[in-house]
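Per-entry structural report
Spelled out from the first residue to the last, the chains are:
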Amino acid sequence: MTAKILVIDDDDHLRELVCSRLRRQGYVVHTAENGRVGLRIFEAERPDLVITDILMPDMEGIETILRLKAGATPPKIIAMSGGGHIVGRDFLKWASHLGADQVLAKPFRVSTLIAMAGDLLRDIDARRGRLLGWDPELQPMRDMGQDLDRLFHTHG
Amino acid sequence: MAANDREAFGEMAGGIAHDLNNLLTVIMGATETLAEDLAPGSDRHDLAMTSLQAAETGAELIRRLLAASQRQAPELEIIDCCAAVDAVRPLAHRLIRDDISLKIQAPVHPLFCTADPVGLKTALLNLLINARDATPAGGSISLRAETVSLHGHGARRLSLAPGVYVVFTVRDTGVGMSPETMRRATEPFFTTKGPVGGTGLGLSTVDGFARQSGGHLAIASEVGRGARLSIYLPRTTPLKPRLESVANPTRNDWPGGEIR
């Protein structure tokens, strides 16, 4: 199942860039320009992961994180911040205390963000897999079994 | 730089940094995406990577700008100053050209102070790089760590409380500074290195670091007679490793009893 991601940032260019890079990875991506719109999209689309900026006009990232985590099925969250204020760094710490699964200081390499997203979504996949009776950790052994089967059938 | 000017500068720097960091994220992300589409090793790939590295240098500049404007709280730790000097030794030898003789000295026994370890390393390297750039015709540079005890006039002259300090001194035999240059040396963006030589943030970062650590940056120089830059940091006693001890260090609290 393709994972869904919601990107919330008030910077248009940044949002577009992150969004296009994530789509390249095969994710379904929704975007919002502030926390208020973000929460609405979250309710409608139920993304697995929310990537949110912290300092935004209208509803800030901290409040957005609190509301997302207060829901019945909270998503994984990556918080980003450009800092720039003495509290800029502390915001990332707060975000982490309040339930963000990962924090990222701007500027960052998008490949770092993609790796973080991949890690968090793998956790979700693994949990889903176990619910469906499929354990990704066992997959390499199954693959090996199939290889042995093929060998057996070819040469046996 | 007057205190209120510094505050206004910090305010401005903090405001701009947030937007600049957003901008750099976009530049870095777009460049990285371009690079991924190009064959590694090709000229175009190299160009994209150069651009990415330049953007990362820009990010570093913002961090230094914020540190210089004293709005970024330092990560204070009790550190061994002698070990810190030893840590910059290999890099210092790479940074200083062969036509300059470099001497680095630190006591064998540990000297403790409370400071941001990364800040200290950056400050020492900044001083060494400035000394190198001020010594274009070759000469000598030295870095020395030692303790001094400041009382009365000596302490007042440096705007420091009386007590024991660890002093890091970088001397060079280079071109020296005029009184005007010395007066402006720690101003952010003030540089004598020309448009491509320096950012003008080196000494302002060192000055900011010294203040954040409860210390002082002292500059002594004359045109044609080299320069001596000293970072004074309050010595911390490892027996009472608490921040309070920085404010009131006493002469006899060193475990070995030996203070030079």
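Since the structure is predicted, the reported quantities are computational estimates derived from the model, not experimental observations.

Let's shift gears to the overall build of chain B. Along its length, chain B carries eight helices and seven strands. In chain B, buried positions account for 45% of the 260 residues. When contacts within chain B are restricted to residue pairs at least 6 apart in sequence, those whose partners lie at least 24 apart make up 71%. When the accessible area of chain B is evaluated, it comes to approximately 13000 Å², of which 55% is carbon and sulfur surface.

Let us look at the overall build of chain A. The helix and strand inventory of chain A stands at six helices and five strands. Put simply, chain A runs from its N terminus to its C terminus through helices and strands in the order β-α-β-α-β-α-β-α-β-α-α. By residue count, 46% of the 156 residues in chain A fall in the buried class. Sequence separation of 24 or more characterises 67% of the internal contacts of chain A that already satisfy a separation of 6 or more.

So, on to the pairing of strand 3 (residues 112-115) of chain B. Residue and element names in this part refer to chain B. Along strand 3, one buried face is formed by Phe112 and Thr114 and the opposite face, lined by Cys113 and Ala115, is buried too. Of the strand pairs in this sheet, strand 1 (residues 77-80) and strand 3 are connected by four bridges, and their pairing is antiparallel. Its bridge partner being in strand 3, Ile79 is matched across the sheet by Cys113.

Turning our eyes to something else, we now look at the sheet that holds strand 7 (residues 227-234) of chain B. Backbone hydrogen bonds hold the strands of a sheet together, and the pairing may be parallel or antiparallel. All names here are of chain B. The strand order across the open sheet built from five strands is 2-4-5-7-6, with neighbouring strands paired in mixed fashion. A single partner strand is all that each edge strand has here, and the edge strands are strand 2 (100-105) and strand 6 (216-221). Across the sheet, the mean angle from the axis of one strand to that of its neighbour is 20 degrees, orientation sign disregarded. Two elements, strand 5 (residues 163-172) and strand 7, share eight bridges in a ladder whose sense is antiparallel. Looking at the pairing, Asp172 lines up with Ala227 of strand 7. The sheet contacts of helix 3 (residues 81-95) involve strand 2, strand 4 (139-150) and strand 5, and relative to strand 2 the element is tilted by about 160 degrees. Its contacts with the sheet put helix 4 (residues 117-133) on strand 2, strand 4, strand 5 and strand 7, and the angle it makes with strand 5 is roughly 35 degrees.

Next up on the list: the packing of helix 2 (residues 35-45) of chain A against helix 3 (residues 61-70) of chain A. All names here are of chain A. Running from N to C, helix 2 and helix 3 cross one another at 20 degrees; their axes reach a closest spacing of 9 Å. Regarding the angle of helix 2 to helix 3, the classification is roughly parallel. In terms of crossing hand, the pair formed by helix 2 and helix 3 is right-handed. Across from Gly35, Leu39 and Phe42 in helix 2, the residues of helix 3 making contact are Thr64, Arg67 and Leu68. Residues belonging to the contact of helix 2 with helix 3 are distributed by class as follows: three nonpolar, two polar and one charged.

The next point concerns the nonpolar core. Residues and elements named next belong to chain B. Phe168 and Ile231 are the most contacted members of the largest nonpolar core, which has 38 residues in total. At the level of elements, helix 3, strand 2, strand 3, helix 4, strand 4, strand 5, helix 7 (202-212) and strand 7 are the ones that each hand at least two residues to this core. In terms of residue count, helix 4 provides more of this core than any other element does, seven residues in total. When neighbours within four sequence positions are excluded, Phe168 is seen to be in contact with Cys81, Val85, Leu120, Leu124, Arg144, Ala145, Leu229, Ser230, Ile231 and Leu233.

Residues and elements named next belong to chain A. Counting buried positions over the five residues of strand 3 (residues 49-53) gives five, a clear majority of the element. Here strand 3 shows two buried faces, one formed by Leu49, Ile51 and Asp53 and the other by Val50 and Thr52. Summarising the sheet, strand 1 (residues 4-8) and strand 3 pair through four bridges and their orientation is parallel. Of the residues in strand 3, the one forming a bridge with Val7 is Ile51. Pairing analysis gives five bridges linking strand 3 to strand 4 (residues 76-81), with the strands arranged parallel. Bridge pairing in strand 4 links Val50 to Ile77.

All names here are of chain A. Taken in spatial order, the five strands line up as 2-1-3-4-5 in an open sheet, and their pairing is parallel. Looking along the sheet, the strands with just one partner apiece sit at the ends: strand 2 (28-32) and strand 5 (102-105). The mean inter-strand angle of the sheet, taken between neighbouring strand axes irrespective of direction, is 15 degrees. Alignment of strand 1 against strand 2, held across five bridges, turns out to be parallel. Following the sheet pairing, Leu6 is matched in strand 2 by His30. Lying on the sheet, helix 1 (residues 12-24) is in contact with strand 1, strand 2, strand 3 and strand 4; it crosses strand 2 at an angle near 170 degrees.

Okay, a nonpolar patch on the surface next. Residues and elements named next belong to chain B. Together, Met12, Ile16, Leu20, Leu23 and Ile27 line one region of the surface with nonpolar side chains, adding up to about 420 Å² of accessible area. Turning to its location among the elements, Ile16 is positioned in helix 1 (residues 3-37). Judged by relative accessible area, Ile16 falls into the partly exposed class, the value being 42%.

Conventions we followed
- Residues numbered from 1 in each chain as written.
- Chains lettered and ligands numbered in written order.
- Predicted model: local features only at pLDDT ≥ 70, side-chain atom pairs only at ≥ 80, totals over all residues.
- Heavy atoms only, no water.
- Helix = DSSP H or I, 4+ residues; strand = E, 2+ residues; numbered from the N terminus.
- Buried < 20%, exposed > 50% of the residue type's maximum accessible area, 1.4 Å probe, protein only.
- Contact = heavy atoms within 4.5 Å.
- Areas by Shrake-Rupley, 256 points an atom, 1.4 Å probe, with all protein chains shown as cover.
- Pairing = 2+ DSSP bridges.
- Axes fitted to C-alpha atoms, helices over the stretch in contact; angles between N-to-C directions.
- Parallel < 35°, antiparallel > 145°, perpendicular 65-115°, else oblique.
- Left-handed = near helix turned anticlockwise from the far one by under 90°.
- Nonpolar A, V, L, I, M, F, W, Y, C, P; charged D, E, K, R; others polar.
- Core = buried A, V, L, I, M, F, W, Y, C linked by side-chain atoms within 4.5 Å.
- Patch = residues over 30% accessible without salt bridge, like charges linked within 9 Å, V, L, I, M, F, W, Y side chains within 5 Å.
- Salt bridge = Lys/Arg side-chain N within 4 Å of Asp/Glu carboxyl O.

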